[in-house]
Amino acid sequence: MKLFRFGPSGSEKPGVLLADGRLIDVSAFGADYDEAFLGGDGVERLRAWLSEHAATAPEVAATERLGPCIARPSKILCAGLNYRDHAAESGMAIPAEPILFSKATSALVGPFDDVVIPRGATKTDWEVELAIIIGARASGVTEAEALNHVAGYAVMNDVSERAWQLERGGQWLKGKSADTFAPLGPYLVTRDEVPDPEDLNLWLSLNGQRVQDSSTAQMIFGVAHLVSYISQFMTLLPGDVISTGTPPGVGMGIKPEPIYLQAGDVMELEVAGLGRQRQLVKAAE
Ligand code: ZN
């Protein structure tokens, strides 16, 4: 299934993209896509509900705003330097263990919302990524068990302010957490529809020019490894997001001079099978 949320920010309603391309409102099912829904048998109950009600459920207008595809989770975690081609391009050694950092959950926005350059920011950058959405509590799980704890996948733009991430000391989360720095969606695509998450093309274009273009096959640490690895250090709860790292082509890496986001820029990005995002960049007011 492809699950989405629509409506004004903060009061989104749940929807489903049907196989025939219709977007339907499933508010009558009675649950948002949150920890209780994902951690219980919500996906299976929704599937059963759809078999009776999909034909008569109200359609969602194409003009509706889409929100993040899940309700605000307990955590957004990210892997750094997780693409072989990115590590090679940067001249950096392949990490022996996943590099982890977090992003404030208040950074979440919808896939077509504006990305706002915060006041004082000078090096705001893009990162197309495959995001894992946790579906069952995971604590100390093995790699063999890990995928049973995954609800599905979504597209994430891990927007980053490089000066705050890299030049201000301390942890990366300072440069990763501003409002609008985590567009997520349009869909949570359930795991059954993504047979091989480590074989998906992904790309990002800036003002129509493709700057990132790779495949999740380039990931150093795959989905099962990341879920298992992180669950050794903390409990992953249903709805938690793990963004799996970005391929080469971020603004910071452009030669001879880096390129950073400016007001008026447009980013478009896609992970094959998971949908496409588009954001207009604005300056903080
Ligand atoms: Zn990233």
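Right above here is the structure, for reference.
Heads up: these notes are all about the structure in this document. It should be emphasised that the depicted structure is a prediction, and the values quoted were computed from it without experimental measurement.

## A closer look at the overall build of the protein chain
- The helix and strand tally for the protein chain stands at six helices and 18 strands.
- Rg of the C-alpha trace for the protein chain: 18 Å, near the compact-globule value of 19 Å for 285 residues, within the 12% margin.
- Across its three principal axes, the protein chain shows a C-alpha extent of roughly 60 × 45 × 30 Å.
- Within the protein chain, buried positions represent 56% of all 285 residues.
- Taking the intrachain contacts of the protein chain between residues at least 6 apart in sequence as the baseline, contacts between residues at least 24 apart amount to 75%.
- Summing over all exposed atoms, the protein chain offers an accessible surface of approximately 12,000 Å²; the carbon and sulfur share of this is 51%.

## What about the state of the cysteines?
- Evaluation of the coordinates by the stated rule reveals zero disulfides.
- For Cys69, which is in no disulfide, the shortest distance to another cysteine sulfur is to Cys78 and amounts to 14 Å.
- Taking relative accessible area as the criterion, Cys69 reaches 0% and is therefore assigned buried.

## So, the coordination of the zinc ion
- Every protein donor of the zinc ion is listed here as Glu127 (OE), Glu129 (OE) and Asp158 (OD), and their distances to the metal cover 1.9 to 2.1 Å.
- Each donor residue of the zinc ion lies on one chain, and together they are spaced E-x1-E-x28-D. Linking Glu127 in the loop between β8 (124-125) and β9 (128-134) with Asp158 in the loop between β10 (150-157) and β11 (160-161), this pair joins segments that are 31 residues apart in sequence. Just as Glu127 is buried, Asp158 falls in that class too.

## Points about the side chain of Lys176
- Topologically, Lys176 is positioned in the loop between α5 (162-166) and β12 (182-183).
- Lys176 sits in the buried class, given a relative accessible area of 1%.
- Side chain to side chain, Lys176 and Glu127 meet in a polar contact 3.3 Å long.
- Only 2.8 Å separates the side chain of Lys176 from the side chain of Ser160, close enough to count as a polar contact.
- Leave out the neighbours within four places in its chain, and Lys176 touches Phe101, Ser102, Lys103, Glu127, Asp158, Val159, Ser160, Arg162, Gln165 and Phe181.

## Section: unusual backbone geometry
- A cis amide bond, omega 15 degrees, links Gly185 with the succeeding residue Pro186.
- By secondary structure assignment, the location of Pro186 is in the loop between β12 and β13 (188-190).
- The backbone of Leu81 sits at a positive phi, close to 50 degrees, despite the residue not being glycine.
- Note on placement: Leu81 falls in the loop between β4 (76-80) and α3 (84-90).
- On the accessibility criterion, Leu81 (17% relative accessible area) is buried.

## Structural notes on the side chain of Glu270
- Mapped onto the secondary structure, Glu270 falls in strand β17 (residues 266-271).
- A relative accessible area of 19% places Glu270 in the buried class.
- Within the structure, the side chain of Glu270 is placed 3.0 Å from the side chain of Arg276, a separation counted as a polar contact.
- Once residues lying within four places of it in the same chain are set aside, the contact partners of Glu270 are Val128, Asn201, Leu202, Trp203, Gly275 and Arg276.

## Let's talk about helix α2 (residues 42-53)
- Spanning 12 residues, α2 covers 16 Å between terminal C-alpha atoms, matching the ideal 16 Å at 1.5 Å per step.
- Among the residues of α2, Gly42, Val43, Leu46, Trp49 and Leu50 are the ones counted as buried. Along the axis of α2, the buried positions cluster into a sector of 120 degrees, meaning they face one direction only. Across from the buried face of α2, at angles greater than 90 degrees, the exposed residues are Ser51 and Glu52.
- Residues of α2 that are buried make contact with β1 (2-6), β2 (13-17), β3 (23-25), α1 (35-39) and β13.

## A few points about the nonpolar core
- Of all hydrophobic cores here, the largest spans 80 residues; its most connected members are Val16, Val26, Leu46, Leu50, Leu184, Val227 and Leu274.
- The residue makeup of this core includes at least three contributed by each of domain 1 (2-53) and domain 2 (76-283).
- Non-local contacts of Leu274, meaning those with residues more than four positions away in its chain, are made with Leu130, Tyr153, Ala154, Val155, Pro186, Tyr187, Val189, Val194 and Leu200.

Calculation rules
- Residues numbered from 1 in each chain as written.
- Predicted model: local features only at pLDDT ≥ 70, side-chain atom pairs only at ≥ 80, totals over all residues.
- Heavy atoms only, no water.
- Helix = DSSP H or I, 4+ residues; strand = E, 2+ residues; numbered from the N terminus.
- Rg over C-alpha atoms; globule rule 2.2 N^0.38 Å.
- Buried < 20%, exposed > 50% of the residue type's maximum accessible area, 1.4 Å probe, protein only.
- Contact = heavy atoms within 4.5 Å.
- Areas by Shrake-Rupley, 256 points an atom, 1.4 Å probe, with all protein chains shown as cover.
- Disulfide = S-S within 2.5 Å.
- Donors = N, O, S within 2.8 Å, 3.2 Å for Na, K, Ca; no water.
- Polar contact = N/O pair within 3.5 Å; in protein donor to acceptor, adjacent residues only side chain to side chain.
- Expected span 1.5 Å × (residues − 1).
- Arc of directions from axis to C-beta.
- Core = buried A, V, L, I, M, F, W, Y, C linked by side-chain atoms within 4.5 Å.
- Domains from an automatic or database assignment.

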